[in-house]
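# Structural characterization, general
So the chains spell out like this:
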Amino acid sequence: MAVLTVLAILISGGDIRQPLFDLYQRLTPAAAAPSKAQVVLIDAPSLAAVGGWPWSRYVMARLTEAIASRGAEAIGFDFLFPEPDRTTPGLFADLYPELPPATAAEIRKLPSMDAVFARVIGRSPVVLARAGVDQGSVDAVGADAPLPPEAQFAGAVPVGLPIYPQAVVNLPLLDGAALGHGLVNGPKDPDGATRRVPLLAKAAGALTPGLALELVRVAEGEDGAALISRAGRLQAVQLGRHRLPTDAQGDLALRFRGLPGSAITSAADLLRSGVPAKAFAGKIVLVGLTAAGTSDLVTTPLQTQTYGVLVQAEAVNAIAGAGGLDRPDWAPLLEWGLGLAMALAAWWLTPSLGLRAMAAGAVGLGVLVVGGSYLAFLRGLLLDPTPVLGPGVATAAGMVAVLFVEGRRAQTQLRAALDEERLSAAKIAGELSAASEIQSGMLLPRAALRRVCGAVEIDAVLQPARSVGGDLYDAFMIDPGRLCFLVGDVTGKGVPASLFMALSKALSRSFLMRPQLGLDAALDGINAELSRDNGQMMAVSLLVGVLDLADGTLDLVSAGHENPLLVDAQGAVRELRLDGGPALCVVEDFPYPVERHALAPGETLVCFTDGVTEAQDPQGQLFDRARAMAVVGGPPRPLPQTVDALVAAVRAFEAGQEASDDLTVLAVRRL
């Protein structure tokens with residue numbers, strides 16, 4: 001399924017790189033690794049425990065203290081605090097103008113919750129978010145000019161970085177207390193999916209790091225980062241020991257790993273002190289809102305819906321572990337160079353290759369190129385297989401078209417002969433199909449066998465080795481007290497055997513249904529009639545039985561046929577050995593003996609042709625009688641199950657090989 005998906009993407013054309021790289025991510029998610037990022041979610045349980053959003057700054061201060069006290073190296077909020085807290089004393093006093101002036105004045109003297117939160121931010125390694133917006137955005141109306149970001153960038157500022165004329169920031173009281181500031185603008189691809197995070201951009205005139213980059217900088221105690229550019233185009237950002245590949249817009253492509261469950265904590269658990277004291281030691285903690293109704297929903301290559309704070313956590317892990325994806329400048333040169341080489345090879349080799357060799361070569365080349373791209377992806381490189389495969393496939397297709405035009409001339413000459421051969425084959429197939437239907441119609445179906453006699457259960461299966469065959473079976477009442485049944489096998493297979501089988505069956509029923517004839521006399525008559533005018537020297541083995549329904553007396557005559565098996569009511573099996581004589585049409589006037597046995601109530605007589613005992617496995621071993629006895633024995637079961645089990649065992653033994661002979665099984669059970 002994965003290979004078909006890759007081929008479908010390649011054939012679809014257009015901009016296929018991104019869907020193909022997304023497929024790589026889904027085929028092999030990055031191996032789980034210890035998460036540097038820890039996410040604290042303000043989720044539905046948190047809102048149920050504390051109250052609706054937004055929370056008071058006092059609660060946010062408690063939450064920040066709880067995170068910092070558990071050893072967090074940096075704390076980032078994936079949302080902004082642009083407005084004063086609703087529970088600020090001054091706002092409270094303004095809501096109640098009927099308060100006495102003295103009381104209102106006392107209330108206004110109380111410290112604001114924003115001030116409490118700012119003091120906690122100042123004591124903790126907190127990074128606050130800010131968002132770049134376009135000029136005149138309503139979100140930035142009335143906002144003060146933002147404080148310059150703390151991160152310093154060395155190196156020339158490259159062209160191509162996103163520029164946001166204005167920025168939405170937090171309250172100046174809070175912004176001034178934070179240890180760092182980072183942008184939370186998340187670039188989305190045209191299909192709406194998030195595959196990258198910004199490492200830096202210009203916002204309100206200042207070069208500002210992304211939130212994830214700023215969190216890692218603060219956690220590792222770095223003053224700033226170095227910009228690595230080539231020809232004015234950004235190549236990478238160097239933060240301490242981390243070299244982070246970027247595109248020209250300063251974005252880091254993520255290989256999504258997913259976060260382990262241990263890396264996610266509910267804010268409700270923190271506020272209840274339900275988290276161990278050093279749970280966040282060495283961690284970078286992001287706080288995000290994921291309760292129902294939040295607008296911070298994003299799509300990634302692995303998830304159709306997730307939250308932005310989780311993507312920021314993936315970015316922190318990628319930055320701290322140098323796990324981003326890189327498409328280097330030399331990639332297009334390598335891809336198109338290999339594509340040109342493939343085109344030349346296709347032009348040179350296609351005329352000398354057959355269609356199979358061309359198909360095998362194309363498949364092998366596709367597997368090699370796509371496999372190489374996939375292996376490069378696993379090592380963090382984005383190499384596009386389309387420029388490699390496209391020219392070669394196009395050249396090969398053109399050459400094939402030229403060769404096809406030339407081949408049409410020869411095809412036109414051969415088509416008439418081929419059509420005639422097909423017509424002849426269709427006629428033969430139709431005749432064989434009709435012969436098979438006629439032969440099947442001569443045999444009693446299984447349902448009709450069950451209605452032959454109410455005192456006896458009968459079931460049979462015949463499977464020819466070809467479309468038609470030479471096996472036969474029959475069962476009928478000679479008179480109200482006697483049941484006759486028979487199984488036969490004509491020498492050979494195919495149409496001649498089927499014709500002789502039809503004659504044998506018709507003659508057998510004609511002689512055996514005469515009550516005045518004894519069983520031995522009937523066999524003599526059948527032998528004489530079949531032997532007359534038998535120019536093809538065909539023979540037929542035949543086993544005939546007559547069961548007296550009153551006392552179970554069973555008269556059997558075997559003309560060169562396989563001995564039947566007798567299964568008693570407890571499932572014990574034995575071979576019923578018969579003296580018998582040669583197959584019919586072998587010796588004229590042979591006196592076939594009638595051998596008398598008894599069939600007790602509940603006992604089953606299983607008769608079959610040599611298509612059972614002489615069936616062969618791939619190593620040439622025979623199925624033999626012992627295996628047949630093992631299959632039909634055992635606990636009593638319905639007769640059709642016994643017959644089907646023997647047939648299925650033979651076919652399983654043959655292991656899919658073509659059957660060497662027709663196979664017939666007939667079973668009779670006295671009720």
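That block above? That's the structure.
Description of the structure in this document. (Residues numbered from 1 in each chain as written. Predicted model: local features only at pLDDT ≥ 70, side-chain atom pairs only at ≥ 80, totals over all residues. Heavy atoms only, no water.)

Paired through their backbone hydrogen bonds, the strands of a sheet run either parallel or antiparallel. Taken together, five strands build an open sheet; the order of strands is β21-β22-β23-β24-β27 and the sheet is antiparallel. The sheet is open, and its two edges are formed by β21 (471–479) and β27 (595–598), each paired on a single side. Taking each pair of neighbouring strands and ignoring which way they run, the sheet shows an average axis angle of 20 degrees. One ladder, built from eight bridges, connects β21 with strand β22 (residues 482–490); its direction is antiparallel. Counterpart to F476 in the pairing with β22 is C484. (Pairing = 2+ DSSP bridges. Helix = DSSP H or I, 4+ residues; strand = E, 2+ residues; numbered from the N terminus. Axes fitted to C-alpha atoms, helices over the stretch in contact; angles between N-to-C directions.)

Okay, the sheet that holds strand β4 (residues 152–154) next. What the four strands build is an open sheet, ordered β4-β11-β12-β13; its pairing is mixed. The strands lining the two open edges of the sheet, one partner per strand, are β4 and β13 (242–245). The average undirected angle you get between the axes of adjacent strands in this sheet is 30 degrees. Relative to β13, strand β12 (residues 233–239) runs antiparallel, the two sharing four bridges. Across the sheet, L239 pairs through a bridge with H242, a residue of β13. Set on the sheet, helix α9 (residues 211–220) makes contact with β4, β11 (224–230), β12 and β13; between it and β12 the angle comes to about 30 degrees. (Contact = heavy atoms within 4.5 Å.)

Let's shift gears to unusual backbone geometry. Following W53, the chain continues to P54 via a peptide bond in cis, the omega torsion being 5 degrees. Relative to the assigned elements, P54 resides in the loop between α3 (44–50) and α4 (57–68). Of note, C585 is a non-glycine position whose phi angle comes to about 75 degrees, a positive value. Summarising the element assignment, C585 is placed in the loop between β26 (573–575) and β27. Although it is not a glycine, D589 sits at a positive phi angle of roughly 60 degrees. Examined against the element boundaries, D589 turns out to sit in the loop between β26 and β27. Relative accessible area serves as the criterion here: at 72%, D589 is assigned to the exposed category. (Buried < 20%, exposed > 50% of the residue type's maximum accessible area, 1.4 Å probe, protein only.)

At a closest axis distance of 9 Å, the pairing of helix α19 (residues 624–632) and helix α20 (residues 639–654) adopts a crossing angle of 140 degrees. Considered as vectors, α19 and α20 are oriented oblique to each other. Here α19 and α20 pass one another in a crossing that is right-handed. Note on element contacts: α20 touches α19 through T642, A645, L646, A649 and F653, opposite R627, A628, V631 and V632. In terms of residue class, the contact of α19 with α20 is made up of seven nonpolar, one polar and one charged. (Parallel < 35°, antiparallel > 145°, perpendicular 65-115°, else oblique. Left-handed = near helix turned anticlockwise from the far one by under 90°. Nonpolar A, V, L, I, M, F, W, Y, C, P; charged D, E, K, R; others polar.)

The buried fraction of strand β28 (residues 604–608) is high, at five of five residues. The sheet contact formed by strand β25 (residues 565–567) and β28 spans three bridges and is antiparallel. Counterpart to L566 in the pairing with β28 is L605. Strand direction decides the pairing type here: β28 and strand β29 (residues 663–670), joined by five bridges, are antiparallel. If you follow F608 over to β29, its bridge partner there is V665.

As enumerated under the stated definition, the model contains twelve aromatic pairs in all. Ring geometry for F79 and F81: centres 5.5 Å apart, planes at 75 degrees, overall edge-to-face. Residue class for F79 comes out buried when judged on its relative accessible area of 12%. Assessed through its relative accessible area of 3%, F81 is described here as buried. By way of ring pairs, the aromatic residues W53, W55, F77, F79, F81 and F117 are connected into one cluster. (Phe/Tyr/Trp six-rings, centres within 6.5 Å; stacked < 30°, edge-to-face > 60°.)

Next up on the list: the pattern of salt bridges. Pairing of side chains with opposite charge becomes possible as their charged atoms draw close. For the structure shown, the criterion picks out 29 salt bridges. Between R195 and D22 there is a salt bridge, with the nearest N and O atoms lying 2.6 Å from each other. Placement of the pair is R195 in the loop between β7 (180–183) and β8 (196–198) and D22 in helix α2 (residues 17–27), with a sequence separation of 173 residues. With relative accessibility at 8%, the residue R195 sits in the buried group. Judged by relative accessible area, D22 falls into the buried class, the value being 7%. With a shortest N-O distance of 2.9 Å, E65 and R123 are connected by a salt bridge. In this pair, E65 is assigned in helix α4 and R123 in helix α7 (residues 113–123), connecting sequence segments 58 residues apart. Judged by relative accessible area, E65 falls into the partly exposed class, the value being 37%. Through salt bridges with shared partners, one network takes in D22, D189, D191, R195, R196, D247 and D251. (Salt bridge = Lys/Arg side-chain N within 4 Å of Asp/Glu carboxyl O.)

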